[in-house]
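Descriptive analysis of the structure
One letter stands for each residue in the lines below.
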Amino acid sequence: MLAMKKVVLLAIAASSASAFAFSPRASVGNSAAKTFNVPAVSKQFPAKTSPSTSMALSSTGGAAAVAEGESGGLAETLKVGSYFALWYLFNIGYNIYNKQALNALDFPWTIATIQMATGILYFAPLWALGLRKAPKLSAADLKTLLPIALCHTGVHVGAVIALGAGAVSFAHIVKASEPVVTCAANAALLGEVLPMKVYATLLPIIGGVAIASMKELSFTFLALAAAMLSNVSSSLRGVLSKKTMSGKKIGENLDAQNLYAVLTAMSTLILIPMMLAVEGTGFFPAFKAAVAAGSFTNKSLSTLLLLGGATYYLYNEVAFLALGKVNPVTHAVGNTIKRVVIIVASVIAFKTPMSTGSIIGSSVAIFGTLLYSLAMNSVKK
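Residues numbered from 1 in each chain as written. Predicted model: local features only at pLDDT ≥ 70, side-chain atom pairs only at ≥ 80, totals over all residues. Heavy atoms only, no water.

This paragraph deals with the overall build of the chain. When you go through the chain residue by residue, the secondary structure sums to 16 helices and zero strands. Nonlocal contacts in the chain, meaning residues at least 24 apart in sequence, comprise 87% of its contacts between residues at least 6 apart. If you sum the accessible surface of the chain, you get close to 16400 Å²; carbon and sulfur atoms cover 70% of it. (Helix = DSSP H or I, 4+ residues; strand = E, 2+ residues; numbered from the N terminus. Contact = heavy atoms within 4.5 Å. Areas by Shrake-Rupley, 256 points an atom, 1.4 Å probe, with all protein chains shown as cover.)

On to the packing of aromatic side chains, then. Inspection of the entire model under this criterion finds 13 aromatic pairs. A centroid spacing of 5.9 Å and a plane angle of 40 degrees characterise the contact between Tyr94 and Tyr315, whose relative ring orientation is tilted. In this pair, Tyr94 sits in helix α3 (residues 73-104) while Tyr315 sits in helix α14 (residues 298-323), placing the two residues 221 residues apart along the sequence. Measuring from ring centre to ring centre gives 4.8 Å for Phe123 and Trp127, while their planes differ by 50 degrees; the resulting arrangement is tilted. Highlighted residues: Phe123 and Trp127, both in helix α5 (residues 120-128), separated by four residues, approximately one helical turn. (Phe/Tyr/Trp six-rings, centres within 6.5 Å; stacked < 30°, edge-to-face > 60°.)

Any two side chains of opposite charge can pair if their charged atoms end up close together. For the coordinates displayed, the defined rule picks out two salt bridges. The salt bridge involving Arg132 is made with Glu317; its shortest N-O contact spans 2.6 Å. Residue Arg132 is found in the loop between α5 and α6 (139-165), and its partner Glu317 is found in helix α14; the two are separated by 185 residues along the sequence. Arg132 gets classed as buried once you look at its relative accessible area, which sits at 16%. Using a relative accessible area of 5% as the deciding quantity, one classes Glu317 as buried. A salt bridge links Glu178 to Lys175, with the shortest nitrogen-to-oxygen separation between them at 3.8 Å. Judged by its relative accessible area of 15%, Lys175 is buried. (Salt bridge = Lys/Arg side-chain N within 4 Å of Asp/Glu carboxyl O. Buried < 20%, exposed > 50% of the residue type's maximum accessible area, 1.4 Å probe, protein only.)

We now examine the side chain of Ser362. On the secondary structure map, Ser362 appears in helix α16 (residues 356-380). Ser362 gets classed as buried once you look at its relative accessible area, which sits at 0%. From its side chain, Ser362 meets the backbone oxygen of Ile359 in a polar contact 3.0 Å long. (Polar contact = N/O pair within 3.5 Å; in protein donor to acceptor, adjacent residues only side chain to side chain.)

Further remarks concern the packing of α3 against α6. Put simply, α3 and α6 touch, their axes get as near as 9 Å, and they point 65 degrees apart. Crossing of α3 over α6 shows right-handed handedness. Residues Tyr94, Asn95, Asn98, Lys99 and Leu102 of α3 form the contact with α6, whose participating residues are His156, Val160, Leu163 and Gly164. Classifying every residue of the contact of α3 with α6 by side-chain character gives four nonpolar, four polar and one charged. (Axes fitted to C-alpha atoms, helices over the stretch in contact; angles between N-to-C directions. Left-handed = near helix turned anticlockwise from the far one by under 90°. Nonpolar A, V, L, I, M, F, W, Y, C, P; charged D, E, K, R; others polar.)

This is the structure:
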């Protein structure tokens, strides 16, 4: 009962904000927060990439893209609601399947590679059958995307290692500190100086993560370091996207979904040699041992790995659809609630104990990320 009360307290950290997000004050304007962290592109130097590609390249302050209007009525509302529901559902599924696979097989690099490669099984048939226009990229285009793909690889493998080394809830608490890294990277590499009110919102994030880390019952330095690697990679991915893609036309048919597909394919090729260098082929005897122990069959363990990869790719695919339909305030609140939902779901699924200090720290940090997103959106208006 006490554990459930703590979970409820954590959920309250985001619930009050949801009413604000869907109120009339949440005006539809530039969609400033999407999937990759790219600072806003100057109006004097607009990016030549398509609007949907710009959405794929932005997160806590991304390239401006025109959001859809408020018209559409009930049908449009239901469509957006279904996108968000699937985004949350696939995200929860991924975190649970991923953690179960990592508990069974302590090979995070191999599992990360399998998950990344699984996405190819989704988009390659769409391209081959003509259901989605395949992108056309030159060698120069691939060279432009390579640094971004390297960072994309770091985002994923860092998160997988963190989820394997500690509790799912703790990994997401640390991931909430990404805005701190983003501000530092933008200042150091782009010379971007933000208003003081934006930097002020970083204080609760830093303080909350610090409190949660000190009080986390499943704390490990590996989980902390890996989650921070994911944060740094995500921030650098945004900076590199801004520096290398703004003002350039990258190939043909490179919309948001195809850009993510191309990065997935490139990251898979990057991960394979890294996986072999770090873990070798030890995954295969470990797989056989897990089956021999009786906990899994060949089919059930293979299915678990494939489900982890499928839900990883699909939650990102649906995120593009969901985030392209809403205004910045709704997106900020949606992202905040998503993180709370994942933490709560993982606590329930894995019966992870969380101390009162960890609950308080994570709530403060997550609320800080909401304030940061709202402050960034107000700056760009």
